[in-house]
Amino acid sequence: MKKVELLSPAGDYKSLYFAIHNGADAVYLGGKRFGARNYASNFDKEEMIKAIKYCHLYGVKIYVTVNTIIFDDEIEDFIKYIEFLYKNNVDAVIMQDVGMILKIRELFPDLEIHASTQMHNHNTEGINLLENLGVKRIVFARELSLEQIKNIKCNVEKEVFVYGALCVCYSGCCLFSSMNTNRSGNRGECVASCRLPYKLLKNNKEVKTNGKYILSPKELNTINYVDSLIESGVDSFKIEGRMKSPEYVGLVTKIYRKAIDSYYEHKKFYLDAKTQKDLMSLFNREFTKGYLFGDYGSSLMNINSPNHQGIHLGSIIEVNKKIIKIRLDEDINQEDGIRFIEENKGMIVNRLYNEKKLLVNQVKKGQIAIIDNKIGITKKGEVNKTINRSLIKELSLVEEKKIKIDVKIKSKKGFPLEVSFKDLSGNLVNVKGEEVEESINSPLTKKDIEKHIIKLGNTPFIVNNIDIIMDDNVFIPNSFLNEIRRKAASKLIELRENKKISNNLISLKIQDRAFEREKLNLNVLVRSEAQLKAALDSSVDNIYVTDYNLYKKYKSSNVYFSLPRVIEKYKEYKEENLLVRELGSINKYKDKNNIISDYTLNIVNKESLRLLNNLGVKRICLSPEIRINNIESSLYNTEIVIYGRIELMITKYCPLNMLINKDDKKCSLCMKNDRYSLQDEQNRIYPISHDGHLTIIYDHKNINLINDIDKIKEKANNLRIDFLEESYEEALEIINRVRRKI
């Protein structure tokens, strides 16, 4: 039986070490560029080579994240970096950019590729498209239930997140950070806009909520559901955490290792109270079992705080300008971190006093601890411990795992001493030493030889079985035995570190398709009939309609129906004009319909344009994250949004249902005519709309590139306006303004 893989994060080398020696089957990590966690320490090239060798020494696979979108002027460097990884024997690369997947499959057909969750992997059609590109594994969207994952039929490996931070938006579909701070989540630079405070507005009036962090999810924790996950057919359990501490990586890996092994050993896994507390101590925003196991609304979100919660420490019984007295329900130590819940302030305990006001390094639970009030606490309330120094010290003591080997020794008089080391994976090394002599006074026994050969303490090996074939009355100096043992261990280390990966993947050949170059077009996306009439009255070239009934009413050669961005079940369309917004729709509709693609596919380079053109996409809207000067003007039929509200997020979570209707499963608030929005601390307003039961959050402002039209039309032959709430008159005025610029 093939066992499920346990895949752990490594933001730095210490985390890699903790992952390996706590039981990871594979680790994932990033280099200094092209990875979706730019703010982790990550690995330079020298460190990467060291990491690859160390993982392979211990039989652990290593997957490198190159899961950002790649601009044209980066392609050469990107390919060189992939070549470096390939030559240094990584087991797989994790990728987001669909064009780069095509390019790497062509250049390095034997390199295994995993499709990052950043690719919005949520349905069978999209996965089939990636499978046809030669992708070996899919990392599923965290919005899928386990039942949905089980029902996706494919011939690729399935990987799911089982623990760690959640995004509130479908991964790869978030432009919040990019549009507001110029730091792109698709480029590994997310500033976590979802963890900031917001107000919910209804018709421009604030709706009172119990918390202000209304886009902040809890931490995923599926440790009690390992059996169900294994039985679902999932191939890999992924732990999130390249920004987390090595101790976090080590403990979470260790717990999941124990749970997985218990399943295969037909034992009951039990998470004891101490371990549960340790998990909470290291990091939690409260825990959820996620969409995987049916949590939603208040079971999924922690709107009170986006920070690490820690564990309950005690209660303030006295506070003044100088000191804080805390009655303890847990031990406290110097250098622990604590958070005062009432005022949401935190600090490190530098000076700690007992009830007698004596300076100490620890106060036990049940007693009174006194600390300096150096952060201006004024209120009594609960106190949490957010950093547990004694736990971190305990977890830093990692027992290195050992690699079992079988040893065979031949000791024949007049022949060289021979030793072979063979690991349980079949790696074999043979070493010959000095000639074996006949003993004059002190013949060696098998026990004597064994005693020297099994001294492997400073190596990663431990003897599993030993077989000694020897003549009677032989003599071998101890130094010879020690030397041949060292040589054999060294050769086996080298063999394991440098064993070549062979995937035997088939080369990918895609036939480049010709295309008919369009003239310069002005296109408009509309969300109301009034906007559609304005577009018709101003004779724009193409119209994209989000309402299917409107599309059918005004259907013509230049009117397109804009498909949903998240599709579980596809409707049947034939000979229709379709604006597709996710990969699965391309795969589903390309043969029987006229399809064009939206900016939601994150297209930013010529290789992605080439792939989509070859898949039959007639017009390709570039991502709003594109650098205009970086666009190759002669390539394909491209489109750029020059005016309109960009979709910042699409999320399965509905703040209206949770905050207003208190998780009512029959909620229909979004079907009414009220206008909802979010307001941030800078008083910027982000409109909210709904697509079925999905929530869409729009930017607080219109993107406006009208003054750059002269430059843009040299790079793209389609200019696009997106309308959201504009009236007929407003829509007409904007279209005419663009017409004058053209």
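Residues numbered from 1 in each chain as written. Predicted model: local features only at pLDDT ≥ 70, side-chain atom pairs only at ≥ 80, totals over all residues. Heavy atoms only, no water.

Here's the deal with the overall build of the protein
Line of reasoning, step 1. The number of helices and strands found in the protein is 20 helices and 41 strands.
Line of reasoning, step 2. In terms of overall dimensions, the protein has C-alpha extents of about 110 × 75 × 45 Å along its principal axes.
Line of reasoning, step 3. Accessible surface computed for the protein: about 32800 Å², of which carbon and sulfur atoms make up 47%.
Line of reasoning, step 4. Between the averaged position of the 117 positive side-chain charges in the protein and that of its 101 negative side-chain charges there is a distance of 3 Å. (Helix = DSSP H or I, 4+ residues; strand = E, 2+ residues; numbered from the N terminus. Areas by Shrake-Rupley, 256 points an atom, 1.4 Å probe, with all protein chains shown as cover. Lys, Arg positive; Asp, Glu negative; His and termini not counted. Charge placed at Lys NZ, Arg CZ, Asp CG, Glu CD.)

Some remarks on the packing of helix α3 (residues 75–87) against helix α4 (residues 98–107)
Line of reasoning, step 1. Here α3 crosses α4 at 50°, and the two axes come no closer than 11 Å. Between α3 and α4, the angle falls in the class oblique. Where α3 crosses over α4, the two elements pack in a sense that is right-handed. Touching Ile-75, Phe-78, Ile-79 and Ile-82 of α3 are Met-100, Lys-103, Ile-104 and Leu-107, all from α4. (Axes fitted to C-alpha atoms, helices over the stretch in contact; angles between N-to-C directions. Parallel < 35°, antiparallel > 145°, perpendicular 65-115°, else oblique. Left-handed = near helix turned anticlockwise from the far one by under 90°. Contact = heavy atoms within 4.5 Å.)

A closer look at the pattern of salt bridges
Line of reasoning, step 1. Under the counting rule described, the total for this entry stands at 55 salt bridges.
Line of reasoning, step 2. A salt bridge links Asp-541 to Lys-519, with the shortest nitrogen-to-oxygen separation between them at 2.8 Å. Placement of the pair is Asp-541 in the loop between α14 (529–537) and β30 (542–545) and Lys-519 in the loop between α13 (478–498) and β29 (521–526), with a sequence separation of 22 residues.
Line of reasoning, step 3. Among the residues examined, Lys-519 registers a relative accessible area of 53% and is labelled exposed.
Line of reasoning, step 4. When the shortest N-O distance is used, the salt bridge between Arg-684 and Asp-680 registers 2.7 Å.
Line of reasoning, step 5. For Arg-684, a relative accessible area of 27% puts it in the partly exposed group.
Line of reasoning, step 6. Judged by relative accessible area, Asp-680 falls into the buried class, the value being 8%.
Line of reasoning, step 7. Several salt bridges converge on common partners, so that one network encompasses Arg-527, Arg-565, Arg-581, Asp-598, Glu-639, Glu-647, Arg-720 and Asp-722. (Salt bridge = Lys/Arg side-chain N within 4 Å of Asp/Glu carboxyl O. Buried < 20%, exposed > 50% of the residue type's maximum accessible area, 1.4 Å probe, protein only.)

Examining the nonpolar core
Line of reasoning, step 1. Core analysis: the biggest nonpolar cluster contains 218 residues, and Leu-16, Leu-29, Leu-85, Phe-237, Phe-421 and Ile-586 have the highest contact counts within it.
Line of reasoning, step 2. A per-element tally of this core places helix α9 (residues 246–264) first, with 9 residues.
Line of reasoning, step 3. If near-sequence neighbours (up to four positions away) are discounted, Leu-16 is found in contact with Ala-10, Val-27, Leu-29, Phe-43, Ala-51, Tyr-54 and Cys-55. (Core = buried A, V, L, I, M, F, W, Y, C linked by side-chain atoms within 4.5 Å.)

A few points about the pairing of strand β37 (residues 676–679)
Line of reasoning, step 1. Judged by which residues are buried, β37 turns out to be covered on both faces: Tyr-676 and Leu-678 on one side and Ser-677 and Gln-679 on the other are all buried.
Line of reasoning, step 2. Judged from the 4 bridges that link them, strand β8 (residues 199–202) and β37 form a sheet pairing that is antiparallel. By the bridge assignment for β37, Lys-199 is matched with Gln-679.
Line of reasoning, step 3. Here β37 pairs with strand β38 (residues 685–691) via 4 bridges, running antiparallel. Bridge pairing links Leu-678 to Tyr-686 in β38.
Line of reasoning, step 4. Remark: 5 residues form the turn of the hairpin made by β37 and β38, two consecutive strands paired antiparallel; Asn-683 in that turn has positive phi of roughly 65°. (Pairing = 2+ DSSP bridges.)

Examining the environment of Gln-367
Line of reasoning, step 1. Turning to its location among the elements, Gln-367 is positioned in the loop between β20 (362–363) and β21 (368–372).
Line of reasoning, step 2. On a C-alpha basis, the gap between Gln-367 and Ile-596 in space is 69 Å, while along the polypeptide they are 229 residues apart.
Line of reasoning, step 3. Setting aside residues no more than four positions away along its own chain, Gln-367 makes contact with Ile-326, Arg-327 and Leu-328.

Here's the deal with the sheet that holds strand β27 (residues 461–470)
Line of reasoning, step 1. One open sheet accounts for 4 strands, arranged β25-β24-β23-β27; its pairing is mixed. The sheet terminates laterally at β25 (428–435) and β27, the two strands that pair on one side only. Taken pair by pair, the neighbouring strands of this sheet meet at an average axis angle of 20°, ignoring direction.
Line of reasoning, step 2. Where strand β23 (residues 403–411) and strand β24 (residues 416–423) come together, 6 bridges link them in antiparallel fashion. Paired with Asp-406 across the bridge in β24 is Lys-422.
Line of reasoning, step 3. In the packing of helix α12 (residues 446–453) onto the sheet, contacts are made with β23, β24 and β27, and the angle to β27 comes to roughly 150°.

Here's the deal with the pairing of strand β1 (residues 5–9)
Line of reasoning, step 1. With 5 of 5 residues buried, β1 is to be regarded as a mostly interior element.
Line of reasoning, step 2. Burial along β1 is two-sided: Glu-5, Leu-7 and Pro-9 and Leu-6 and Ser-8, pointing in opposite directions, are all buried.
Line of reasoning, step 3. The pairing of β1 with strand β11 (residues 236–239) spans 3 bridges and is parallel. Within β11, the residue paired with Glu-5 across the bridge is Ser-236.
Line of reasoning, step 4. The parallel pair β1 and strand β2 (residues 26–30) is bridged by helix α1 (residues 13–21), and the resulting crossover is right-handed. (Right-handed = clockwise from strand over helix to strand, strands pointing away.)

What to know about the environment of Tyr-86
Line of reasoning, step 1. Along the chain, Tyr-86 falls in helix α3.
Line of reasoning, step 2. Distance from Tyr-86 to Leu-579, taken between C-alpha atoms, is 37 Å for residues 493 residues apart in sequence.
Line of reasoning, step 3. In this structure Tyr-86 touches Phe-108, Asp-110 and Leu-111, once residues within four positions along its chain are discounted.

Focus on the side chain of Thr-288
Line of reasoning, step 1. Assignment of secondary structure puts Thr-288 in strand β12 (residues 287–288).
Line of reasoning, step 2. Among the polar contacts made by the side chain of Thr-288, one reaches the main-chain amide nitrogen of Gly-290 at a distance of 2.9 Å.
Line of reasoning, step 3. Beyond its immediate chain neighbours, meaning those up to four positions away, Thr-288 contacts Leu-166, Lys-218, Glu-219, Leu-220, Asn-221, Asp-295, Ser-299 and Leu-300. (Polar contact = N/O pair within 3.5 Å; in protein donor to acceptor, adjacent residues only side chain to side chain.)

Focus: the packing of α1 against α9
Line of reasoning, step 1. At a minimum axis separation of 8 Å, α1 and α9 run at an interaxial angle of 15°. For the element pair α1 / α9, the angle class is roughly parallel. Note on packing geometry: the crossing formed by α1 with α9 is right-handed. Across the interface between the two elements, Lys-14, Ser-15, Phe-18 and Ala-19 of α1 pack against Pro-246, Glu-247, Val-249, Gly-250 and Thr-253 of α9.
Line of reasoning, step 2. Its residues assigned to classes, the contact of α1 with α9 shows 4 nonpolar, 3 polar and 2 charged. (Nonpolar A, V, L, I, M, F, W, Y, C, P; charged D, E, K, R; others polar.)

Examining helix α2 (residues 45–57)
Line of reasoning, step 1. The terminal C-alpha atoms of α2 lie 18 Å apart, and with 13 residues this matches the ideal 18 Å at 1.5 Å per residue to within 8%.
Line of reasoning, step 2. Every buried residue of α2 is listed here: Met-48, Ala-51, Ile-52, Tyr-54, Cys-55, His-56 and Leu-57.
Line of reasoning, step 3. Buried residues in α2 make contact with α1, β2, β3 (61–66), α3, β23 and α13.
Line of reasoning, step 4. The N-capping residue of α2, defined by a side-chain oxygen 3.2 Å from the backbone nitrogen of Glu-46, is Asp-44.
Line of reasoning, step 5. Positive phi shows up at Gly-59, right after α2, with a value of about 70°. (Expected span 1.5 Å × (residues − 1).)

So, α3
Line of reasoning, step 1. For α3, spanning 13 residues, the distance from its first C-alpha to its last is 18 Å, which sits close to the expected 18 Å at 1.5 Å a residue.
Line of reasoning, step 2. Within α3, burial applies to Ile-75, Phe-78, Ile-79, Tyr-81, Ile-82, Phe-84 and Leu-85.
Line of reasoning, step 3. One or two residues past the end of α3 sits Asn-89, with phi positive at roughly 80°.

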